[in-house]
Amino acid sequence: RHHGRGRRDALMFEVERLTQAVRASGVTMSTSEETLFADLQALGRRYAKIKPSIQHLQTPVHTLVASSDQKIFMGDVTAGENRALDQFHLESGQLVVKVPVPYRLQAALPAKAARIRKAFYQDWLPDQPYEPGEWKDVEVYHYRQRYFRKSVKMVMELWFCLSPKS
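On a predicted model such as this, the values are computed, not experimentally measured, just so you know.

Parameters and conventions
Residues numbered from 1 in each chain as written. Predicted model: local features only at pLDDT ≥ 70, side-chain atom pairs only at ≥ 80, totals over all residues. Heavy atoms only, no water. pLDDT = per-residue confidence, 0-100. Contact = heavy atoms within 4.5 Å. 1 Å grid on protein atoms, 1.4 Å probe; cavity = no way out; pocket = protein on both sides within 12 Å on 5 of 7 lines; lining within 4 Å. Points joined across faces, edges and corners; volume = space filled by probe spheres on them. Helix = DSSP H or I, 4+ residues; strand = E, 2+ residues; numbered from the N terminus. Nonpolar A, V, L, I, M, F, W, Y, C, P; charged D, E, K, R; others polar. Buried < 20%, exposed > 50% of the residue type's maximum accessible area, 1.4 Å probe, protein only. Pairing = 2+ DSSP bridges. Polar contact = N/O pair within 3.5 Å; in protein donor to acceptor, adjacent residues only side chain to side chain. Expected span 1.5 Å × (residues − 1). Arc of directions from axis to C-beta.

### Examining the confidence of the model for the protein chain
Okay, step 1: Predicted confidence across the protein chain gives a mean pLDDT of 88, with 89% of residues reaching 70 or more.
Okay, step 2: Contacts from residues 1-9, a stretch scored under 50 in pLDDT, to residues over four places away or in other chains number five contacts.

Structure, rendered in C-alpha coordinates:
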(Lines give C-alpha, C1' and ligand atoms only; values in the text may rest on other atoms or scores of the structure.)
Protein backbone atom coordinates (compact mmCIF):
# COMPACT_ATOMS: atom_id res chain seq x y z
CA ARG A 1 0.00 0.00 0.00
CA HIS A 2 2.61 2.54 -1.00
CA HIS A 3 0.98 5.45 -2.79
CA GLY A 4 3.16 8.08 -4.35
CA ARG A 5 6.47 6.27 -3.99
CA GLY A 6 9.43 8.45 -4.82
CA ARG A 7 7.47 11.63 -4.18
CA ARG A 8 9.35 13.15 -1.29
CA ASP A 9 6.43 15.31 -0.26
CA ALA A 10 3.71 12.72 -0.90
CA LEU A 11 1.35 12.76 2.05
CA MET A 12 0.19 9.49 3.46
CA PHE A 13 -3.57 9.45 3.36
CA GLU A 14 -5.14 6.75 5.53
CA VAL A 15 -8.82 5.91 5.28
CA GLU A 16 -10.61 5.21 8.55
CA ARG A 17 -14.19 4.96 9.79
CA LEU A 18 -15.62 7.35 12.38
CA THR A 19 -16.19 5.33 15.53
CA GLN A 20 -18.85 7.74 16.73
CA ALA A 21 -21.17 10.18 15.03
CA VAL A 22 -20.18 13.84 14.92
CA ARG A 23 -22.94 16.40 15.50
CA ALA A 24 -22.62 20.14 15.33
CA SER A 25 -24.89 23.18 15.53
CA GLY A 26 -24.30 26.41 13.65
CA VAL A 27 -25.09 28.16 10.38
CA THR A 28 -25.32 26.99 6.77
CA MET A 29 -25.14 28.97 3.52
CA SER A 30 -25.42 27.96 -0.09
CA THR A 31 -22.28 28.56 -2.10
CA SER A 32 -20.50 27.91 -5.39
CA GLU A 33 -16.87 27.60 -6.41
CA GLU A 34 -16.84 31.20 -7.69
CA THR A 35 -18.30 32.74 -4.53
CA LEU A 36 -16.78 30.42 -1.90
CA PHE A 37 -14.24 32.88 -0.52
CA ALA A 38 -16.74 35.72 -0.02
CA ASP A 39 -19.35 33.27 1.29
CA LEU A 40 -16.95 31.96 3.93
CA GLN A 41 -16.36 35.53 5.16
CA ALA A 42 -20.12 36.12 5.42
CA LEU A 43 -20.63 32.74 7.08
CA GLY A 44 -17.94 33.58 9.64
CA ARG A 45 -19.76 36.78 10.58
CA ARG A 46 -23.07 34.91 10.97
CA TYR A 47 -21.37 32.20 13.03
CA ALA A 48 -19.80 34.82 15.35
CA LYS A 49 -23.31 36.19 16.05
CA ILE A 50 -24.87 32.84 16.94
CA LYS A 51 -21.85 31.26 18.68
CA PRO A 52 -22.81 32.53 22.18
CA SER A 53 -26.22 30.80 21.85
CA ILE A 54 -24.88 27.31 21.08
CA GLN A 55 -25.84 24.96 23.94
CA HIS A 56 -24.62 21.46 24.88
CA LEU A 57 -21.07 22.16 23.70
CA GLN A 58 -18.66 19.28 23.75
CA THR A 59 -15.51 20.23 25.69
CA PRO A 60 -12.90 21.00 24.65
CA VAL A 61 -14.81 22.94 22.02
CA HIS A 62 -14.30 21.80 18.43
CA THR A 63 -15.33 24.19 15.67
CA LEU A 64 -16.10 22.84 12.18
CA VAL A 65 -16.10 24.41 8.74
CA ALA A 66 -17.64 21.92 6.30
CA SER A 67 -17.90 22.26 2.52
CA SER A 68 -19.95 20.51 -0.12
CA ASP A 69 -20.51 21.49 -3.74
CA GLN A 70 -23.60 23.52 -2.88
CA LYS A 71 -23.27 24.59 0.73
CA ILE A 72 -20.98 25.44 3.59
CA PHE A 73 -21.50 24.98 7.33
CA MET A 74 -19.77 26.57 10.31
CA GLY A 75 -20.52 25.55 13.86
CA ASP A 76 -19.45 23.85 17.07
CA VAL A 77 -19.55 20.16 17.97
CA THR A 78 -22.40 19.48 20.41
CA ALA A 79 -23.66 16.61 22.54
CA GLY A 80 -27.32 17.59 22.03
CA GLU A 81 -29.66 19.37 19.62
CA ASN A 82 -29.90 23.13 19.27
CA ARG A 83 -33.29 23.41 17.62
CA ALA A 84 -32.99 27.04 16.55
CA LEU A 85 -29.74 26.42 14.67
CA ASP A 86 -28.66 24.48 11.60
CA GLN A 87 -27.51 20.94 12.34
CA PHE A 88 -24.56 19.13 10.83
CA HIS A 89 -23.79 15.49 11.31
CA LEU A 90 -21.56 12.72 10.11
CA GLU A 91 -22.79 9.22 10.92
CA SER A 92 -20.76 6.67 12.83
CA GLY A 93 -19.01 4.50 10.22
CA GLN A 94 -18.48 7.42 7.80
CA LEU A 95 -15.27 6.91 5.80
CA VAL A 96 -12.83 9.74 6.46
CA VAL A 97 -9.21 10.63 5.88
CA LYS A 98 -7.95 12.84 8.74
CA VAL A 99 -4.91 15.02 8.10
CA PRO A 100 -3.41 17.10 10.92
CA VAL A 101 -2.34 20.52 9.66
CA PRO A 102 0.43 21.79 11.94
CA TYR A 103 1.01 25.51 11.89
CA ARG A 104 2.55 28.23 13.95
CA LEU A 105 1.17 31.22 12.14
CA GLN A 106 -2.51 31.39 11.40
CA ALA A 107 -1.76 33.35 8.23
CA ALA A 108 0.03 30.32 6.77
CA LEU A 109 -2.94 28.03 7.27
CA PRO A 110 -4.98 28.63 4.07
CA ALA A 111 -1.96 27.92 1.85
CA LYS A 112 -1.13 24.75 3.79
CA ALA A 113 -4.71 23.51 3.62
CA ALA A 114 -4.84 24.30 -0.12
CA ARG A 115 -1.70 22.22 -0.72
CA ILE A 116 -3.15 19.26 1.19
CA ARG A 117 -6.48 19.50 -0.67
CA LYS A 118 -4.65 19.56 -4.01
CA ALA A 119 -2.53 16.52 -3.09
CA PHE A 120 -5.63 14.67 -1.92
CA TYR A 121 -8.04 15.44 -4.78
CA GLN A 122 -5.58 15.53 -7.68
CA ASP A 123 -2.84 13.06 -6.75
CA TRP A 124 -4.35 10.52 -4.37
CA LEU A 125 -8.13 10.23 -4.86
CA PRO A 126 -8.27 9.41 -8.61
CA ASP A 127 -6.58 6.01 -8.05
CA GLN A 128 -8.79 5.07 -5.10
CA PRO A 129 -12.07 3.10 -4.98
CA TYR A 130 -13.70 6.17 -3.36
CA GLU A 131 -15.39 9.40 -4.33
CA PRO A 132 -16.03 12.50 -2.20
CA GLY A 133 -18.94 12.19 0.22
CA GLU A 134 -21.93 14.53 0.40
CA TRP A 135 -19.83 16.82 2.59
CA LYS A 136 -16.48 16.81 0.80
CA ASP A 137 -14.24 18.07 3.54
CA VAL A 138 -14.37 19.43 7.06
CA GLU A 139 -11.88 21.71 8.78
CA VAL A 140 -11.83 20.80 12.48
CA TYR A 141 -10.37 23.41 14.84
CA HIS A 142 -9.72 22.97 18.53
CA TYR A 143 -7.40 24.27 21.20
CA ARG A 144 -4.96 22.04 22.97
CA GLN A 145 -3.55 23.03 26.31
CA ARG A 146 0.23 22.80 26.49
CA TYR A 147 1.10 21.94 30.05
CA PHE A 148 4.81 22.69 29.91
CA ARG A 149 4.28 26.20 28.67
CA LYS A 150 1.24 27.91 30.05
CA SER A 151 -0.22 28.42 26.63
CA VAL A 152 -2.95 27.06 24.43
CA LYS A 153 -2.23 25.86 20.93
CA MET A 154 -4.78 25.85 18.16
CA VAL A 155 -4.91 22.58 16.28
CA MET A 156 -6.49 22.08 12.88
CA GLU A 157 -7.36 18.83 11.16
CA LEU A 158 -8.64 18.47 7.64
CA TRP A 159 -11.15 15.62 7.31
CA PHE A 160 -11.95 14.35 3.82
CA CYS A 161 -15.27 12.49 3.70
CA LEU A 162 -15.49 9.58 1.28
CA SER A 163 -18.06 7.16 -0.16
CA PRO A 164 -17.29 3.95 -2.02
CA LYS A 165 -17.41 4.60 -5.78
CA SER A 166 -20.81 3.60 -7.07
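### A look at the layout of surface pockets
Okay, step 1: In this model, the largest pocket occupies a volume close to 1,100 Å³.
Okay, step 2: Along the walls of the largest pocket sit 31 residues, with Leu36, Leu40, Val65, Arg117 and Glu139 positioned nearest its centre.
Okay, step 3: Taken together, the elements giving at least two residues each to the lining of the largest pocket come down to α1 (36-50), β3 (62-67), β4 (71-77), α2 (109-124), β7 (130-146) and β8 (151-164).
Okay, step 4: Roughly 360 Å³ of internal volume is contained in the second largest pocket.
Okay, step 5: Mapped onto the lining of the second largest pocket, the elements with two or more residues apiece are β1 (15-17), β2 (22-30), β3, β7 and β8.
Okay, step 6: The residue makeup of the lining of the second largest pocket, split by class, is eight nonpolar, six polar and five charged.

### Section: the pairing of β3
Okay, step 1: Judged by how many residues are buried, β3 sits mostly within the fold: six of six residues are covered.
Okay, step 2: Here β3 shows two buried faces, one formed by His62, Leu64 and Ala66 and the other by Thr63, Val65 and Ser67.
Okay, step 3: Relative to β4, β3 runs antiparallel, the two being bridged by five bridges. Counted as the bridge partner of Val65 is Met74 from β4.
Okay, step 4: Linking two consecutive strands that pair antiparallel, namely β3 and β4, is a turn of three residues.

### Things to note about the environment of Tyr130
Okay, step 1: Within the element layout of this structure, Tyr130 appears in strand β7.
Okay, step 2: Spatially, the C-alpha atoms of Tyr130 and Leu95 are 9.3 Å apart, while their sequence positions differ by 35 residues.
Okay, step 3: In contact with Tyr130, not counting residues within four places along its chain, are Val15, Leu95, Trp124, Leu125, Leu162, Ser163, Pro164 and Lys165.

### With respect to the side chain of Thr31
Okay, step 1: Mapped onto the fold, Thr31 is located in the loop between β2 and α1.
Okay, step 2: Separated by 2.7 Å, the side chains of Thr31 and Asp39 make a polar contact.
Okay, step 3: Not counting residues within four places of it along the chain, the set of residues in contact with Thr31 comprises Leu36, Asp39, Ser68, Asp69, Gln70, Lys71 and Ile72.

### Some thoughts on α2
Okay, step 1: The end-to-end C-alpha separation of α2 is 21 Å, in line with the 22 Å expected for 16 residues at 1.5 Å each.
Okay, step 2: For α2, the set of buried residues is Leu109, Ala113, Ile116, Ala119, Phe120 and Trp124. Take α2 and look down its axis: the buried residues cluster within an arc of 125 degrees, on one side only. Residues of α2 that are exposed and angled more than 90 degrees away from the buried face: Pro110, Arg115, Lys118 and Gln122.

### Regarding the pairing of strand β6 (residues 95-101)
Okay, step 1: Burial analysis of β6 places five of its seven residues in the buried class, the great majority of the element.
Okay, step 2: Here three bridges tie β1 to β6, and the two strands are oriented antiparallel to one another. Across the sheet, residue Arg17 finds its bridge partner in β6, namely Leu95.

### Digging into unusual backbone geometry
Peptide bonds are mostly trans, and most non-glycine residues show a negative phi.
Okay, step 1: Following Thr59, the chain continues to Pro60 via a peptide bond in cis, the omega torsion being -5 degrees.
Okay, step 2: Along the chain, the position of Pro60 falls in the loop between α1 and β3.
Okay, step 3: Phi is positive for His56, close to 60 degrees, though the residue is something other than glycine.
Okay, step 4: Tracing the backbone shows His56 in the loop between α1 and β3.
Okay, step 5: His56 sits in the partly exposed class, given a relative accessible area of 45%.

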